[in-house]
Amino acid sequence: MTGNLFTHLQRRFAARADDTAIEEREGTVFSFGDVACQSARVANALIGLGLHPGDRVAVQVDKSPHALFLYLGCLRAGLVFLPLNTAYQPREIDYFLGDATPGVIVCSGARTAWMLETARQQGVPHVLTLEADGTGTLAEICNATSDKQTVHPCGGDDLAAILYTSGTTGRPKGAMISHKNLTANCLSLHDAWGWRDGDILLHVLPIFHVHGLFVACHCALYNASKMYFFDTADSDVIIDYLPRSTVFMGVPTHYTRLLDNPRLTPETCRGMRLFISGSAPLLEQTFYDFRKRTGHTILERYGMTETGMNTSNPLNGERIAGTVGKALPGVKLRIVDEDGLPVTRGDVGALLVKGDNVFSGYWRMPEKTDEEFTADGYFATGDLARETENGYITIVGRDKDLIISGGYNVYPKEVELCIDEIPGVRESAVIGVPHPDFGEAVTAIVVRDPDGRDVDEQRIVDDLRNSLAKFKLPKTIHFVDELPRNAMGKVQKNLLRQRYESAR
Ligand code: MLC
Ligand code: AMP
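Residues numbered from 1 in each chain as written. Chains lettered and ligands numbered in written order. Predicted model: local features only at pLDDT ≥ 70, side-chain atom pairs only at ≥ 80, totals over all residues. Heavy atoms only, no water.

Caption draft 1: Quick peek at the nonpolar core. If you look at the biggest cluster of nonpolar residues, it comprises 84 residues, and the most contacted ones within it are L70, Y71, V106 and W193. Ranked by residues supplied to this core, first place goes to helix α8 (residues 210-222) with 10 residues. Excluding anything up to four places from it in sequence, V106 contacts V57, A58, V59, Q60, V61, L70, L128, T129, L130 and L138. By size, the runner-up hydrophobic cluster in this structure holds 39 residues, among which are L84, L97, V442 and I460. (Core = buried A, V, L, I, M, F, W, Y, C linked by side-chain atoms within 4.5 Å. Buried < 20%, exposed > 50% of the residue type's maximum accessible area, 1.4 Å probe, protein only. Helix = DSSP H or I, 4+ residues; strand = E, 2+ residues; numbered from the N terminus. Contact = heavy atoms within 4.5 Å.)

Caption draft 2: Examining the domain arrangement of the chain more closely. Each assigned domain of the chain is listed with its residue range as follows: domain 1 (5-191) and domain 2 (402-500). Distance from the C-alpha centre of domain 1 to the C-alpha centre of domain 2: 34 Å. With 11 residues of domain 1 in contact, the opposing surface of domain 2 contributes 15 residues. Summed over both sides, the interface of domain 1 with domain 2 buries roughly 1000 Å², with 52% coming from carbon and sulfur. Counting the contacts that link domain 1 with domain 2 gives two salt bridges. The partner of E92 in a salt bridge is K472, and the shortest N-O contact between them spans 2.5 Å. (Domains from an automatic or database assignment. Buried area = accessible area lost by both parts, 1.4 Å probe. Salt bridge = Lys/Arg side-chain N within 4 Å of Asp/Glu carboxyl O.)

Caption draft 3: Local environment of the site of ligand 1. Around ligand 1, the surrounding shell holds 23 residues, and the nearest of these are R257, S279, R301, S405 and K470. Between ligand 1 and G303, the relevant distance is 3.3 Å, taken from an oxygen atom to a main-chain nitrogen or oxygen of the residue. Within the side chain of S405, one N or O atom sits 2.5 Å away from a nitrogen atom of ligand 1. Relative to its free-state accessible area of 1000 Å², ligand 1 is covered by the protein chains to the extent of 71%. Secondary-structure elements contributing two or more residues to the shell around ligand 1 are α8, α10 (252-259) and β13 (299-304). Taken together, the residues of the shell around ligand 1 sort by class into 10 nonpolar, nine polar and four charged. (Near = heavy atom within 4 Å. Polar contact = N/O pair within 3.5 Å; in protein donor to acceptor, adjacent residues only side chain to side chain. Areas by Shrake-Rupley, 256 points an atom, 1.4 Å probe, with all protein chains shown as cover. Nonpolar A, V, L, I, M, F, W, Y, C, P; charged D, E, K, R; others polar.)

Caption draft 4: Representation of the site of ligand 2 in the model. Within the structure, ligand 2 sits among 15 residues, and R301, T305, D383, K400 and N409 are positioned closest to it. Between ligand 2 and R301, the relevant distance is 2.8 Å, taken from a nitrogen atom to a main-chain nitrogen or oxygen of the residue. A distance of 2.7 Å separates an oxygen atom of ligand 2 from a polar side-chain atom of K400. When ligand 2 is considered free in solution it has 500 Å² of accessible area, and contact with the protein chains removes 92% of it. Ranked by residue count, the leading element in the shell around ligand 2 is β13, at five residues. Class assignment for the residues of the shell around ligand 2 results in six nonpolar, four polar and five charged.

Caption draft 5: Molecular detail of unusual backbone geometry. The phi dihedral of T101 falls on the positive side, at around 40°, and the residue is not glycine. Considering the arrangement of structural elements, one finds T101 in the loop between α4 (90-100) and β5 (104-107). Classification of T101 by relative accessible area gives partly exposed; the value is 33%. We note that R364 has phi near 55°; this positive angle belongs to a residue other than glycine. In this fold, R364 is placed in the loop between β18 (361-362) and α12 (366-372). Residue classification places R364 among the exposed positions, given a relative accessible area of 52%.

Caption draft 6: Region of the structure containing the pattern of salt bridges. A full pass over the atoms with the stated rule returns 26 salt bridges. One salt bridge in this structure joins E440 and R398, with 3.1 Å as the shortest N-O distance. Of this pair, E440 sits in strand β24 (residues 439-448) while R398 sits in strand β20 (residues 393-398), and the two are 42 residues apart along the sequence. Relative accessible area serves as the criterion here: at 24%, R398 is assigned to the partly exposed category. Residues R497 and D401 are paired through a salt bridge, measuring 3.8 Å at the closest nitrogen-oxygen approach. Taken together, the residues span a long stretch of sequence, with R497 in helix α15 (residues 493-500) and D401 in the loop between β20 and β21 (403-405) at a distance of 96 residues. Residue classification places R497 among the partly exposed positions, given a relative accessible area of 31%. Put simply, D401, E416, K493 and R497 are held in one network by salt bridges that share partners.

Caption draft 7: How the structure looks around the sheet that holds strand β17 (residues 349-354). A sheet is described by the order of its strands in space; here four strands give the open sequence β16-β17-β19-β20, paired in antiparallel fashion. In this open sheet, the two strands that pair with only one neighbour each are β16 (332-336) and β20. With strand direction ignored, the average angle separating the axes of adjacent strands in the sheet is 45°. In the sheet, strand β19 (residues 379-387) pairs with β20 via five bridges, with the strands oriented antiparallel. Residue A385 lies in a different strand from β20, and its bridge partner there is I395. (Pairing = 2+ DSSP bridges. Axes fitted to C-alpha atoms, helices over the stretch in contact; angles between N-to-C directions.)

Caption draft 8: Here's a closer look at a negative patch on the surface. A contiguous patch of negative charge, built from D456, E457, D462 and D463, is present on the exposed surface. Mapped onto the secondary structure, E457 falls in helix α14 (residues 457-465). (Patch = residues over 30% accessible without salt bridge, like charges linked within 9 Å, V, L, I, M, F, W, Y side chains within 5 Å. Lys, Arg positive; Asp, Glu negative; His and termini not counted. Charge placed at Lys NZ, Arg CZ, Asp CG, Glu CD.)

Caption draft 9: Expanded view of the packing of aromatic side chains. One pass over the full model with this rule turns up 24 aromatic pairs. A ring pair is formed by Y255 and F290, whose centres lie 5.3 Å apart and whose planes are at 90°; its orientation type is edge-to-face. In this pair, Y255 is assigned in helix α10 and F290 in helix α11 (residues 284-294), connecting sequence segments 35 residues apart. What links up through ring pairs into an aromatic cluster is the set Y88, Y95, F96 and Y164. Directly above the ring of F479 sits R448, whose terminal nitrogen or CZ lies 4.0 Å from the centroid. (Phe/Tyr/Trp six-rings, centres within 6.5 Å; stacked < 30°, edge-to-face > 60°. Lys NZ or Arg CZ within 6 Å of the ring centre and 35° of its normal.)

Caption draft 10: Spatial organisation of the pairing of strand β14 (residues 308-312). The buried fraction of β14 is high, at five of five residues. Judged from the four bridges that link them, β13 and β14 form a sheet pairing that is antiparallel. Paired with G303 across the two strands is M309, which belongs to β14.

Caption draft 11: Expanded view of the environment of L483. One can find L483 in the loop between β25 (476-480) and α15. Classification of L483 by relative accessible area gives buried; the value is 6%. C-alpha separation for the pair L483 and S428, spaced 55 residues apart in sequence, amounts to 7.9 Å. When sequence neighbours within four positions are dropped, the list of residues in contact with L483 reads E427, S428, A429, I445, V447, V491 and L496.

Dropping the structure here:
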C-alpha cells in the first residue's frame, strides 16, 4: 500500500465536504471541508517555518479537533508526527526532544515557559502554542496561509509518525511508523469492522497513542463518519452520547466504569452497532457482564504501538471471551518457543508478527531493532500467546516486564530508576498488581538505606511527581528490609507479585 495516508483518507471524505466530521461536547462542529482546509493551513504553516518532509513535529497538546488537524497537516506535508502524552513531565519531554530532534514543538500555552527552556537546551528551533479552542501562535501562522495545499507524494515507507514506547531498560524507544503501515491497518480495520454509511464514532480516547489516534480516527475519517470528539472518560457523558452513536472504542477501564454506572441499559445502547475493546486484557467477567447488561458482545482486538492492530474477534462470527480473535488479513502470526521454533498449536509461546502494518524499526536504535526482528522479518511482540484449534489467539501474558494500567504502559525499570535516585533509598522493585479500575496498579517495593528512615510513601510520590507522568506513579508503596533474589541475584518479581497481589 503506497502513497500518502492523507490522500487515501481524503479520497473518501472529499465528496462529503458539508457533512459533519467532528462534534465537540459543547456542540461546536467541523465539516469534512473544514478538516481539509484546516489541515492544509497547518501543512502550509509548517512548511513556511522551513520544515521539510521527514522533519519531526513534536506535539504535547490537549485533545481537540485542532490537535487532529495538526496531525493531518503533518501527514499532508510529509512531516513526521510525534505525539506526546499530556501527562509527561519536563524530564520525560527533555529526553524525547533530545532523541527525536524535532524541527518544532507544539504545546499548550500553560507549558510554554518550561518548554521554551527545554527546546533551547535540545536545540529545537521553534516552539508554537495550540490551545484546545484552536487559538495560539500556530493558529496565528495558519490564519495567514492558504487553505489549499498539494499533498506531499510520499513513498509508502516514508515515516508518518514516531511514537515512543518505553522499554525494559527504562530508555524509551521511538517506533518509526510509515504511511504504508498506517494505511494498511486502516483499510484492514475498516473492512474487518464493517464500517458503513451512517456510522457515528463516540471518541473518548486520548489522541497521543495508537488506539485513539490511528485506530479510531483513521477508521472514522476513512469512512467519512462523524465523530463525537470528547476529552473525557466520564461514564455519564459516554452514556449521554451512546444513543446518538453507533461505534465505541475503549480500554477495559472504560467498560468496567460503564458497568459501574446504573444508567447503562439496553435502551441507552439501542442504536449501537459495535463496542470494541483493546490496549489491555478484557476480563472475561467484564465481557459477560457487559453482554448481560446491554445485550451487546464486546469485540476485543489486540495490537501495539509498533504494529498497529494484529488480531480481531470477528464482526459476524463468534466473539470469544478471553481471546483477541484471529489474525487480521495481511497479518502473519507465529508462536514460537525459546529456540524460535513454532510451538505445537495450543501451546504457549512468544508471539511474532509480520505484515505491512509492522513498523520499520526504532528511531536511531539499529541494534535494538535487529534484536526484535527475526531474519525473515517477524517482529517479537513481547507477548505470550496460545492459538486454539479454530485459530483464535489468547494473550496469556508477557515476557517483557511491563505493567498496563488503564491502557497506559508503564515499564517498571523507568520507575525503579527514579525511585533509586531518591536519597535514603537503597533499591526498589516495581510490579503490577490487579486493580479493579485500572486492571493493574503500579506498586513499588522499596528498601531504605540505614540513614533513610524518614523516607516514607509521601516523600517518594512527591519526588517522583517531578519526573514521571502521573499514571506511572505507584498507587501503593511497601517497605521491606530486602528484596527476594534468585541464585543469579535477580529480583524475584513473581514472588513479590504473589505476596502483594491481595495486599492493596
Ligand atoms: C489516570 N490516572 C491513572 C491512569 N489514568 N493512573 C494509572 N493508570 C491510568 N491509566 C491517575 C490520574 O492522574 C489521577 O491521579 C487518578 O489516577 C484518577 O484519575 P481519573 O480521573 O480516574 O482518570 P481518568 O482521567 O478518568 O483516566 C482514566 C482513563 C485514562 C482510563 C480514561 O487512563 C485513559 O484514557 N486510558 C486510555 C489509555 C489509552 O488510550 N491507551 C492506548 C494505548 S495504545 P490523581 O493523583 O490526580 O488522583 C495501545 C495499543 C493498543 O495500547 O492495542 O491499543
Ligand atoms: P502499547 O505498547 O502501548 O502499544 O501496548 C501494547 C501492548 O498492550 C501489547 O503488547 C499487549 O501486551 C497489550 N495489549 C493490547 N491489546 C491487548 C488485548 N486486547 N489483550 C491483552 N493485551 C493487549
